[in-house]
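# Fold and geometry: a report
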Amino acid sequence: MKASIGDWLATGAQSLADAGISDARLDSRLLLQHVLDLPHAALISNSGNIVEENAAKIFQGLLERRAKGEPVSRIVGYREFYGLRFLVTPEVLDPRPETELLVEVALKAANTMPGPMRILDIGTGSGAIAISLLHHLPDASCQACDISSTALALAAENARLHGVGGRFSPVLSDMIPPDCGRFGLIVSNPPYIETSVIASLDRGVRDHDPVLALDGGTDGLKFYRKILSTAENHLLDGGAVFLECGAGQAEPICQLARAHGWKLTAIHRDLSGIERVLEFGRT
Ligand code: GLN
């Protein structure tokens, strides 16, 4: 069928909506942008242009994958996070919009601290948090650890693509490496889903995010326990720890933190009002 960009956008949105995809219009647009290699503005200003048959076929193929539940980022191989584009592979967590809150509040804190800032990112995955911080803190450096060497290789590639590779050090470790020194900022979005809940997660998450990046142990708090019991020896005076958490976890994590001598500095809520990022310092 000979149809324009505008027609295909509408057709795509309709077919995704029919398949029960909630952000059908957005996803249709992102997939068409990918196929035609056009930024948003160019897609809209050229919406009367006819889409070639070959491109239309590819678009239809991508729509089918999305309709079956595969997330857009997994289909196109990248995701926008904090205004930057990150490569995403099956070995890493798809960076989430709510994690941008952690970056935002950590940046605010960093700007009040003396530089040059040393940052530790625990469980870096795609490197989304670490690289966004480095992008906005030109004097900072970051040690980014992860248990997955394929994740670290991808994070290093993302760092290089964003021009911060020289300040980004990947470290193969599932926790704080013992001899890494002290940092002004320690950040983490650790795996925090209770093991028993993983099977019942939305299919886009369950089937496409690596279980290693999701599984927080029986009570979901395994990594907070590890971080809060060891981070003290790695924080500079006046430094801060920022931890993302899941809905309902703020309270038990704060209890854990208190038991380890941490002082809660702030709880930051995400756009849905969920207590999402916990900020700690030493008492
Ligand atoms: N730090 C990465 C992110 O927030 C990966 C987190 C994880 O794998 N749990 O996107």
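Scroll up to find the structure.
Rules behind the numbers
Residues numbered from 1 in each chain as written. Predicted model: local features only at pLDDT ≥ 70, side-chain atom pairs only at ≥ 80, totals over all residues. Heavy atoms only, no water. Pairing = 2+ DSSP bridges. Helix = DSSP H or I, 4+ residues; strand = E, 2+ residues; numbered from the N terminus. Axes fitted to C-alpha atoms, helices over the stretch in contact; angles between N-to-C directions. Parallel < 35°, antiparallel > 145°, perpendicular 65-115°, else oblique. Left-handed = near helix turned anticlockwise from the far one by under 90°. Contact = heavy atoms within 4.5 Å. Nonpolar A, V, L, I, M, F, W, Y, C, P; charged D, E, K, R; others polar. Phe/Tyr/Trp six-rings, centres within 6.5 Å; stacked < 30°, edge-to-face > 60°. Buried < 20%, exposed > 50% of the residue type's maximum accessible area, 1.4 Å probe, protein only. Lys NZ or Arg CZ within 6 Å of the ring centre and 35° of its normal. Near = heavy atom within 4 Å. Polar contact = N/O pair within 3.5 Å; in protein donor to acceptor, adjacent residues only side chain to side chain. Areas by Shrake-Rupley, 256 points an atom, 1.4 Å probe, with all protein chains shown as cover.

## Quick word on the pairing of strand S5 (residues 168-172)
For strand S4 (residues 141-146) and S5, the ladder comprises five bridges, and the chain directions are parallel. In the sheet register, Cys142 faces S5, and the bridge partner there is Phe168.

## Let's talk about the packing of helix H1 (residues 5-18) against helix H2 (residues 24-36)
Between H1 and H2, whose axes approach to 8 Å, the crossing angle comes to 130 degrees. Between H1 and H2, the angle falls in the class oblique. Where H1 crosses over H2, the handedness of that crossing is right-handed. Residue-level contacts link Ile5, Trp8, Leu9, Gly12, Ala13, Leu16 and Ala17 of H1 to Ala24, Arg25, Asp27, Ser28, Arg29, Leu32 and Leu36 of H2.

## Some thoughts on the packing of helix H6 (residues 99-110) against helix H7 (residues 128-136)
In contact at an axis separation of 10 Å, H6 and H7 are set at 35 degrees when each is read in the N-to-C sense. Note that H6 runs across H7; the crossing there is right-handed. Along its contact with H6, which presents Thr99, Leu102, Val103, Ala106 and Leu107, the element H7 presents Ile129, Ser132, Leu133 and His136. A per-class count over the contact of H6 with H7 returns six nonpolar, three polar and no charged.

## Regarding the environment of Arg203
In this structure, Arg203 sits in helix H9 (residues 203-206). For the pair Arg203 and Pro71, spaced 132 residues apart in sequence, the C-alpha to C-alpha distance is 9.4 Å. Every residue in contact with Arg203, bar those within four places of it in the chain, is listed here: Ala19, Ile21, Ala67, Lys68, Gly69 and His208.

## A short note on the sheet that holds S5
Read across the open sheet, the seven strands follow the order S5-S4-S3-S6-S7-S9-S8; overall the sheet is mixed. For this open sheet the edge positions go to S5 and strand S8 (262-269), each flanked by a neighbour on one side alone. Shown here is a sheet whose adjacent strand axes are inclined to one another by a mean of 20 degrees, direction ignored. Where strand S6 (residues 183-188) lies against strand S7 (residues 235-244), five bridges are found, and the strand directions are parallel. By the bridge assignment for S7, Ile186 is matched with Val241. Of the strands in this sheet, S6, S7, S8 and strand S9 (275-282) touch H6, which is tilted by about 165 degrees from S7. Against the sheet, helix H8 (residues 149-161) contacts S4 and S5, and its axis sits at roughly 180 degrees relative to S5.

## A look at the packing of aromatic side chains
Per the stated rule, a full pass over the model turns up two aromatic pairs. Consider the rings of Phe81 and Phe86, whose centres lie 6.0 Å apart with planes at 75 degrees: the pair is edge-to-face. With respect to burial, Phe81 and Phe86 carry one shared label: buried. The cationic tip of Arg118 hangs over the ring face of Phe183; the distance from NZ or CZ to the ring centre is 4.4 Å.

## Here we look at the site of the ligand
All residues adjacent to the ligand are Leu93, Pro95, Thr99, Gly123, Thr124, Gly125, Ile129, Asn189, Pro190, Pro191 and Ala213. Contact between the ligand and Thr124: a nitrogen atom at 3.3 Å from a main-chain N or O atom of the residue. The separation between a nitrogen atom of the ligand and a polar main-chain atom of Ala213 is 3.1 Å. Coverage of the ligand by the protein chains reaches 97% of its 300 Å² of free accessible surface. When the residues that make up the shell around the ligand are grouped by side-chain class, the tally is six nonpolar, five polar and no charged.

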